[in-house]
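These are the residues of each chain, in order.
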Amino acid sequence: MNELPLKGIVVLEFCQYLSGPSAGLRLADLGARVIKIERPGMGEAGRKLAIKDLWVDDNSLLFHTINRNKESFTANLKDKEDLTVIKKLITKADVLIHNFRPEVMGRNGLDYAAVKAINPRIVYAEVSGYGKKGPWKDKPGQDLLLQSMTGLAYTTGNGNNGPVPFGISIADIMAGSQLVQGILGGLIRRHKTGEGALIEVSLMESLLDFQFELLTTYYTTRQQPQRSKVANGQPLLSAPYGIYDTADGHIAIAMMDIHVLADTIGCLGLKDFSKQEAFSRRDEIKTVLANHLLKQTTDYWLGLLQDAGLWSMHVLNWEEMTNETAYQSLGMEQKIKVGEKEITTTRCPIRINGERLVSGRRAPGVGEHNELIKEELL
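What you see is a predicted model, and the numbers here were worked out from it, not measured in a lab. (Residues numbered from 1 in each chain as written. Predicted model: local features only at pLDDT ≥ 70, side-chain atom pairs only at ≥ 80, totals over all residues. Heavy atoms only, no water.)

Caption draft 1: Just the packing of helix 7 (residues 170-193) against helix 8 (residues 203-210), in detail. Relative to each other, helix 7 and helix 8 sit at 95°, their axes nearing to 8 Å. Between helix 7 and helix 8, the crossing angle belongs to the class labelled roughly perpendicular. When helix 7 is examined against helix 8, the residues I170, A171, D172, M174, A175 and Q178 are found in contact with a partner set consisting of L203, S206, L207, D209 and F210. When the residues that make up the contact of helix 7 with helix 8 are grouped by side-chain class, the tally is 7 nonpolar, 2 polar and 2 charged. (Axes fitted to C-alpha atoms, helices over the stretch in contact; angles between N-to-C directions. Helix = DSSP H or I, 4+ residues; strand = E, 2+ residues; numbered from the N terminus. Parallel < 35°, antiparallel > 145°, perpendicular 65-115°, else oblique. Contact = heavy atoms within 4.5 Å. Nonpolar A, V, L, I, M, F, W, Y, C, P; charged D, E, K, R; others polar.)

Following this line, the structure appears as structure tokens:
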């Protein structure tokens, strides 16, 4: 393919677990040389964070999914000689990323002011849990805790349930994605002015931004958006928006005129409500619809709805989804060889000039590239 856009950019990744490493992964996919700076021996803590107790080698499957396509350099930041080597690397770097608590890098003489003095052109990017100031700055920046403290857990599940968290590490992934956006902006600014930049994101701000629709509504009304008690899909949307049971499974129904829906599927009870009541009487409308949809199969209802041009879909599990030709045509899977094992993971979702960004290079061993990096960059 054509040369990747970040080829020649050197990134030093002082990161652990998910948010920072996910940002480093995306930069690597875009062509940057990403070097993980790790502790000698154990490496970064994410190596031992296993999902579903799945391991590839001495490292977790999770570690391999977000640290492929990187190099590893070990250094003890409390050792003067090792710290001197790191500072030499900083002179050759374009980007530095860390997701430690705000004071950790400072204790090692690697806060932004110190790094900027070494390399004024560097783009210094950091992820915190709650920002560097304020009474919450020292609270643990863990995904579930952030979902809970930002109100996000009250957007999922039905209104008669308690709070329901997302089933993925949404705070980490969103913060990592936004960090990449900030880094790219910093690199463009440097190209224009010659000056580096300090890029800061927090897990909390990322989740607040993620909820901009809901929060804007709250700022206007000062009332908590209420989830539907039946088939909640999005707290701000009217009936019929949501997921419903059918005779043999589930069906997802998006925004549509409830009277058109009534005529299309023969649910006359929906005609008892005016179109203007689609939000104010949302749960009543959804209850009528839910009872009607139990009478036939998902495919039966989808045949009627989709023939009428009404937005509706199957609710697929991962096995069903991956067996679909539409999924397979995307080519989202890639293979990574780790010793004698082969693992399958997702590729970068970005295409450039019509080409997919695929890299089967495995995650590095602890300190695997020390000698190579010393030879090429020091």
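Caption draft 2: Highlighting the sheet that holds strand 8 (residues 250-253). Pairing is antiparallel in the open sheet, where 3 strands are placed in the order 7-8-9. Strands with a single pairing partner mark the edges of an open sheet, and in this sheet they are strand 7 (242-245) and strand 9 (312-314). Each adjacent strand pair in this sheet contributes to an overall mean axis angle of 30°, direction not counted. Of the pairings in the sheet, the one linking strand 8 to strand 9 comprises 3 bridges and is antiparallel in character. Looking at strand 9, one finds that I253 is bridged to S312. Helix-sheet contacts for helix 11 (residues 282-293) involve strand 7 and strand 8, and the interaxial angle to strand 7 is about 40°. Each of strand 8 and strand 9 is contacted by helix 12 (residues 298-307), which is oriented at about 150° to strand 9, the strand it contacts most. (Pairing = 2+ DSSP bridges.)

Caption draft 3: Representation of the state of the cysteines within the structure. Counted under the stated rule, the structure contains 0 disulfides. Summary of cysteine pairing: C348 is not part of a disulfide, and the nearest cysteine sulfur, belonging to C15, is at 18 Å. The exposure class assigned to C348 is buried, which follows from its relative accessible area of 0%. (Disulfide = S-S within 2.5 Å. Buried < 20%, exposed > 50% of the residue type's maximum accessible area, 1.4 Å probe, protein only.)

Caption draft 4: Here's a closer look at the environment of A262. Mapped onto the elements, A262 comes out in helix 10 (residues 258-265). Once the C-alpha coordinates of A262 and L289 are considered, the two residues, 27 residues apart in sequence, prove to be 8.8 Å apart. In contact with A262, not counting residues within four places along its chain, are C267, L270 and K271.

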